[in-house]
Amino acid sequence: MAITADSYNQPSVPSRFQSARQGLLALKTVVQQPAAREEVSFEARYGSRIKFSSQPLYASRPIYVTRDRFEDRDVTEERNVYETRPVYTQRAVYETKVTGTRDISGFASAATAGLDEKADFSVQVDGAAASTVKFTGTNIAVTSNGVTQNFAYTAMAGSFQTALTSALGSIDHVEAQIGAGGKLILSTDNAQSLTLAEVPNGFLDVSGTALDKLGFVAGQTTAQQTGTVSEQTGTEEVLTGTETVVVGSERVKVGSEQVETGKQSYVNGSQLVEDGFESVIVGYDRVVVAGAADNLELRTKQVSLRQTLAKLVTAAQKDLSASGAVGLRVAEGISTILTMLGSEEALTGDKIESAVRRLDQARGAYMASIGAGQAASGNLFSMTA
């Protein structure tokens, strides 16, 4: 489809072509300015890091010494063992005893036994004074050394015998008891001689003898041996055996032993420990030391012009893209200018002049298409750069 007058009269297209051409010429002026010389240097960039140092690693171990080992042992000796034993001798046993011949156990009183009132007899031990025994009524009186003791009884069997043995037993060194068959027995406590005698009657005393009524006969009885007895006369030490006796102690060496006496430290290796910080080079920075401000300004203008031109060309391309085949071809031509402006290669004056010619050709094709009112033919951009 041909470009029509209505599309040509779009107010932005001619002005944009003009702005694009002025921008290219301005860029050419900037590019052709002599570049300022840059002096570049590199400076070290520092950083901080932990500094390590090596330190010895210590360990502890015990210290031992060898010591003699002793033990305490008992010191013993053999000793005789003795026993204390009594020493006995045989001694003859003597006894003085007079046993009556009459059973008096059944008499209730002296009278029933046939004793006259005030009947009496005497009892003498060895050479001591004789004691008198007298029977009156229900009483038995014993006189020794001028002192009289009375032993009363009741007229009944048993009471008379008890009083009689008690009365005779009250005489020093005399013992009295009723023996077998109810017979009265007299004895001395240490085998002394025992003398029984009748007491002569006094004035008006008509009593008869008393000894025969009790079964006794007047006379002296001496000690008689009745046997022997073992009697201890002392002691003696008798050896009964031997025994082991501890008499002391002694220390005896029985061996040796390792004894820990302390600890010691020794180096058992090494280890890395933090020892502060240190500054190290971590890289280099490029530093412009001369002409830096001029070159920066040139690059800034160049980038700005490229951006402006790119926007202008993009706008023209957009307008032409809606105008049929010619518009498309004009857009394709302008795209080569955009490619050149976006390239990483450095711009030169020749490249910019070629871009200006291409832009003029595109504008001319655009204007011719409007005048002819029909589609343009051929390559609009056959012109070499």
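Bear in mind the structure is a predicted one, so any value in this text is a computation, not a measurement. (Residues numbered from 1 in each chain as written. Predicted model: local features only at pLDDT ≥ 70, side-chain atom pairs only at ≥ 80, totals over all residues. Heavy atoms only, no water.)

On the surface, Phe42, Tyr46, Ile281 and Tyr284 cluster together into a nonpolar patch covering about 510 Å² of accessible area. Elements supplying a minimum of two residues to the nonpolar patch: β1 (39–95) and β11 (224–290). Take tyrosine 284: it is sitting in strand β11. When its relative accessible area of 57% is taken as the criterion, tyrosine 284 is described as exposed. (Patch = residues over 30% accessible without salt bridge, like charges linked within 9 Å, V, L, I, M, F, W, Y side chains within 5 Å. Areas by Shrake-Rupley, 256 points an atom, 1.4 Å probe, with all protein chains shown as cover. Salt bridge = Lys/Arg side-chain N within 4 Å of Asp/Glu carboxyl O. Helix = DSSP H or I, 4+ residues; strand = E, 2+ residues; numbered from the N terminus. Buried < 20%, exposed > 50% of the residue type's maximum accessible area, 1.4 Å probe, protein only.)

Let us now look at the sheet that holds strand β8 (residues 183–188). Taken in spatial order, the 3 strands line up as β2-β8-β7 in an open sheet, and their pairing is antiparallel. The open sheet has two free edges, formed respectively by β2 (97–103) and β7 (174–178), since each of these has just one partner strand. Between one strand axis and the next, the sheet turns through 15 degrees on average, direction left out of account. Across 5 bridges, β7 lies against β8 in antiparallel orientation. Within β8, the residue paired with alanine 176 across the bridge is leucine 186. Where helix α3 (residues 159–169) meets the sheet, it contacts β7 and β8, and its direction lies at approximately 165 degrees from that of β7. (Pairing = 2+ DSSP bridges. Axes fitted to C-alpha atoms, helices over the stretch in contact; angles between N-to-C directions. Contact = heavy atoms within 4.5 Å.)

A few words now on the pattern of salt bridges. Tallying each qualifying case throughout the model produces 11 salt bridges. For lysine 28, the salt bridge goes to glutamate 353, with nearest N and O atoms at 2.1 Å. Of this pair, lysine 28 sits in helix α2 (residues 12–31) while glutamate 353 sits in helix α7 (residues 349–372), placing them 325 residues apart in sequence. The buried category is assigned to lysine 28, whose relative accessible area is 17%.

On to the nonpolar core. Phe121, Val133, Phe135, Ile140, Phe160, Leu164 and Phe216 are the most contacted members of the largest nonpolar core, which has 31 residues in total. Counting only elements with at least two residues in this core, the list comes to β3 (119–125), β4 (131–136), β5 (139–144), α3, β8, β9 (194–198) and α4 (211–214). Looking at which element gives the most residues to this core, the answer is α3, with 5 residues. If sequence neighbours within four positions are ignored, phenylalanine 216 has contacts with Val98, Thr99, Gly100, Leu184, Leu186, Leu196 and Leu211. With 15 residues, the next largest nonpolar core counts Leu27, Met340, Ala355 and Val356 among its residues. (Core = buried A, V, L, I, M, F, W, Y, C linked by side-chain atoms within 4.5 Å.)

A few words now on the environment of lysine 263. Note on placement: lysine 263 falls in strand β11. Note on lysine 263: relative accessible area 55%, which makes it exposed. Sequence separation between lysine 263 and arginine 61 is 202 residues; the distance between their C-alpha atoms is 5.6 Å. Reaching out from lysine 263, the side chain makes a polar contact with the side chain of glutamate 260 at a distance of 3.1 Å. (Polar contact = N/O pair within 3.5 Å; in protein donor to acceptor, adjacent residues only side chain to side chain.)

Another point: the environment of serine 270. Take serine 270: it is sitting in strand β11. In the structure, serine 270 is positioned 216 residues away from serine 54 in sequence and 6.5 Å away in space, judged by C-alpha atoms. Setting aside chain neighbours within four positions, we find serine 270 in contact with Ser54, Gln55, Pro56 and Leu57.

Remember that the coordinates give geometry; whether it matters functionally is a separate question.
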